[in-house]
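Here is how the chains run, residue by residue.
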Amino acid sequence: MKINMGLLDRLIRIVVALVVGYLYYTGVISGTLAVVLLIVAGVFVLTSLLGVCPIYRLMGVRTCSRKD
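Residues numbered from 1 in each chain as written. Predicted model: local features only at pLDDT ≥ 70, side-chain atom pairs only at ≥ 80, totals over all residues. Heavy atoms only, no water.

A. Spatial organisation of the pattern of salt bridges. For the structure shown, the criterion picks out one salt bridge. A salt bridge links Asp 9 to Arg 13, with the nearest nitrogen and oxygen atoms 3.4 Å apart. Note that Asp 9 and Arg 13 are positioned in helix α1 (residues 7-25) at a spacing of four residues, about one turn of the helix. Exposure remark for Asp 9: the relative accessible area of 14% places this residue in the buried category. Relative accessible area serves as the criterion here: at 10%, Arg 13 is assigned to the buried category. (Salt bridge = Lys/Arg side-chain N within 4 Å of Asp/Glu carboxyl O. Helix = DSSP H or I, 4+ residues; strand = E, 2+ residues; numbered from the N terminus. Buried < 20%, exposed > 50% of the residue type's maximum accessible area, 1.4 Å probe, protein only.)

As structure tokens, this is what we get:
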């Protein structure tokens, strides 16, 4: 798989995932909303670590400046 996410995009996703994790840990979010947000946060972390976003690939979007 070719990387299609830039560094800024990856960092933003990690920060969002950390914020969601913090909100869950402190009890600000709970129930179904918390579960959905935690799943989205997990996907954000996974795609950030891999540098590949399948939705970007489907839409033809690249935030990575590297030319493959």
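B. Geometry of the state of the cysteines. Scanning the model with the defined rule gives zero disulfides in all. Free of any disulfide, Cys 64 has its nearest cysteine sulfur in Cys 53, 13 Å distant. (Disulfide = S-S within 2.5 Å.)

C. Quick look at the packing of aromatic side chains. In this structure the tally under the stated criterion is zero aromatic pairs. Sitting over the face of the ring of Phe 44, Arg 13 holds its NZ or CZ atom 5.0 Å from the ring centroid. The lysine or arginine in question, Arg 13, covers the ring of Tyr 56, its NZ or CZ lying 5.3 Å from the ring centre. (Phe/Tyr/Trp six-rings, centres within 6.5 Å; stacked < 30°, edge-to-face > 60°. Lys NZ or Arg CZ within 6 Å of the ring centre and 35° of its normal.)

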